[in-house]
Amino acid sequence: AQKVTQAQTEISVVEKEDVTLDCVYETRDTTYYLFWYKQPPSGELVFLIRRNSFDEQNEISGRYSWNFQKSTSSFNFTITASQVVDSAVYFCALSGGYNQGGKLIFGQGTELSVKP
Amino acid sequence: NAGVTQTPKFQVLKTGQSMTLQCAQDMNHEYMSWYRQDPGMGLRLIHYSVGAGITDQGEVPNGYNVSRSTTEDFPLRLLSAAPSQTSVYFCASKRTGGFSTGELFFGEGSRLTVL
């Protein structure tokens, strides 16, 4: 069975602090995909990143970076120099291989609060 | 630039009533799906469709019906609403084909309360 665990339910930081959101996944598929979505207070879901199981390169996009480690089944997300606008619920998600990209298994979400 | 459009955005029902949540996309996406979001549980897949005329069950299908008569539309029907169906519902769509796992595009959500 596939499963995504985001053990941190809530995180509170002060602006400009770095923060890491943890994501641990379980799957028996050899080909799979991992995602991060952001849900700001307005409620919509915003796609942040997709990573496939064959690509363990870390990725950096501005203040955001992602660390994918197959050995520990983790796909952690770091925000550097956090800002108030980063306050949101962040979801990690997993999908299986061929044509399963739409069937996402979501973690429980981590609510990040960035205080000024 | 409509993307995925859900209606209504808010709805209050009484137990036992039926209703349909509408979802339409204008991106010619083959794949469409419905998720529900409940506190502390993330999003869970209700039903999905890989093309017109084809639907299948997700993780939590009980109490919901879907059909896909056109590529654009994927309505979700609650046959006899129950308080346990109080939730925020999201419709999503994406391209399919081969190993395509492009991002899911989500609608803005529909908040349903069943009294």
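Parameters and conventions
- Residues numbered from 1 in each chain as written.
- Chains lettered and ligands numbered in written order.
- Predicted model: local features only at pLDDT ≥ 70, side-chain atom pairs only at ≥ 80, totals over all residues.
- Heavy atoms only, no water.
- Contact = heavy atoms within 4.5 Å.
- Buried area = accessible area lost by both parts, 1.4 Å probe.
- Salt bridge = Lys/Arg side-chain N within 4 Å of Asp/Glu carboxyl O.
- Polar contact = N/O pair within 3.5 Å; in protein donor to acceptor, adjacent residues only side chain to side chain.
- Helix = DSSP H or I, 4+ residues; strand = E, 2+ residues; numbered from the N terminus.
- Nonpolar A, V, L, I, M, F, W, Y, C, P; charged D, E, K, R; others polar.
- Core = buried A, V, L, I, M, F, W, Y, C linked by side-chain atoms within 4.5 Å.
- Buried < 20%, exposed > 50% of the residue type's maximum accessible area, 1.4 Å probe, protein only.
- Phe/Tyr/Trp six-rings, centres within 6.5 Å; stacked < 30°, edge-to-face > 60°.
- pLDDT = per-residue confidence, 0-100.
- Pairing = 2+ DSSP bridges.
- Axes fitted to C-alpha atoms, helices over the stretch in contact; angles between N-to-C directions.
- Disulfide = S-S within 2.5 Å.

Caption draft 1: Representation of the interface of chain A and chain B within the structure. With 19 residues of chain A at the contact, the number on the chain B side is 22 residues. Across the chain A/chain B interface, buried area totals approximately 1800 Å², and carbon plus sulfur atoms make up 60% of it. The tally of links between chain A and chain B comes to 0 salt bridges. Applying the counting rule to chain A against chain B returns 5 residue pairs in polar contact (both at pLDDT 80 or more). Of all the elements in the fold, those that place two or more residues in the side of chain A that touches chain B are strand 5 (33–39) and strand 6 (46–52) of chain A. Counting residues per element, the side of chain A that touches chain B draws most heavily on strand 5 of chain A, at 4 residues. Among the residues making up the side of chain A that touches chain B, the classes are represented as 9 nonpolar, 8 polar and 2 charged.

Caption draft 2: Expanded view of the environment of Phe106 of chain B. With respect to the helices and strands, the residue Phe106 of chain B is situated in strand 10 (residues 105–106). Sequence spacing of Phe106 of chain B and Thr5 of chain B is 101 residues, and the spatial spacing of their C-alpha atoms is 8.7 Å. Setting aside its immediate chain neighbours within four residues, Phe106 of chain B contacts Tyr37, Leu45 and Phe106 of chain A together with Val4, Tyr35, Leu43, Phe90, Cys91 and Ala92 of chain B.

Caption draft 3: Structural context of the nonpolar core. Counting residues in hydrophobic clusters, the biggest one holds 23 residues, and the most contacted among them are Trp36, Phe75, Phe77, Tyr90 and Leu112 of chain A. Elements with a contribution of two residues or more to this core: strand 2 (10–14), strand 3 (19–21), strand 5, strand 8 (64–69), strand 9 (74–79), strand 10 (88–95) and strand 12 (110–115) of chain A. Top element by residues in this core is strand 10 of chain A. It accounts for 4 residues. Of all hydrophobic cores here, the second largest spans 19 residues; its members include Ile46, Phe74, Ala81 and Leu112 of chain B.

Caption draft 4: View of the packing of aromatic side chains. All told, the structure shown has 19 aromatic pairs over all chains when counted by the stated rule. On the basis of an interplanar angle of 50° and a centroid distance of 5.3 Å, the ring pair of Trp36 of chain A and Phe77 of chain A is categorised as tilted. Highlighted residues: Trp36 of chain A in strand 5 and Phe77 of chain A in strand 9, separated in sequence by 41 residues. Per residue, the accessibility class of Trp36 of chain A equals that of Phe77 of chain A, and both read buried. Between Tyr37 of chain A and Phe106 of chain B, the ring centres sit 5.3 Å apart and the planes meet at 85°, which makes this aromatic pair edge-to-face. Here Tyr37 of chain A, found in strand 5, pairs with Phe106 of chain B, found in strand 10, and the two come from separate chains. The residues Tyr37 of chain A and Phe106 of chain B share a single accessibility class, namely buried.

Caption draft 5: Layout of the side chain of Gln85 of chain B. Residue and element names in this part refer to chain B. Structurally, Gln85 is set in the loop between strand 8 (76–78) and strand 9 (87–94). We classify Gln85 as buried; its relative accessible area is 6%. Among the polar contacts made by the side chain of Gln85, one reaches the main-chain carbonyl oxygen of Gly63 at a distance of 3.2 Å. The contacts of Gln85, once residues within four sequence positions are left out, are Arg36, Asn62, Gly63, Tyr64, Leu78, Ser80, Leu112 and Val114.

Caption draft 6: Local environment of the confidence of the model for chain A. Averaged over every residue, the pLDDT of chain A is 92; residues scoring 70 or more account for 96%. Here strand 7 (residues 59–61) of chain A stands out as the least confident element of chain A, with mean pLDDT 86; strand 3 of chain A is the most confident, with 98.

Caption draft 7: Region of interest: the side chain of Asn76 of chain A. Among the secondary structure elements, Asn76 of chain A is positioned in strand 9. In this structure Asn76 of chain A touches Thr20, Leu21, Asp22, Cys23, Trp36, Ser65, Trp66 and Asn67 of chain A, once residues within four positions along its chain are discounted.

Caption draft 8: Molecular detail of the sheet that holds strand 8 of chain B. Residue and element names in this part refer to chain B. Pairing within the open sheet is antiparallel, and its 4 strands lie in the order 1-3-8-7. Single-partner strands in this sheet number two, and they are strand 1 (4–7) and strand 7 (64–66). Taken pair by pair, the neighbouring strands of this sheet meet at an average axis angle of 20°, ignoring direction. The pairing of strand 1 with strand 3 (residues 19–25) spans 4 bridges and is classified as antiparallel. Residue Thr7 lies in a different strand from strand 3, and its bridge partner there is Gln22.

Caption draft 9: Geometry of the state of the cysteines. All names here are of chain A. Applying the stated rule across the entire model yields 2 disulfides over all chains. Shown here is the disulfide that connects Cys23 with Cys92, its sulfur atoms set 2.0 Å apart. Disulfide Cys23-Cys92: torsion about the S-S bond near -65°, hence left-handed. Note that Cys23 is positioned in the loop between strand 3 and strand 4 (24–26) and Cys92 in strand 10, a separation of 69 residues in sequence. You'll find Cys23 and Cys92 in the same group, each marked buried.

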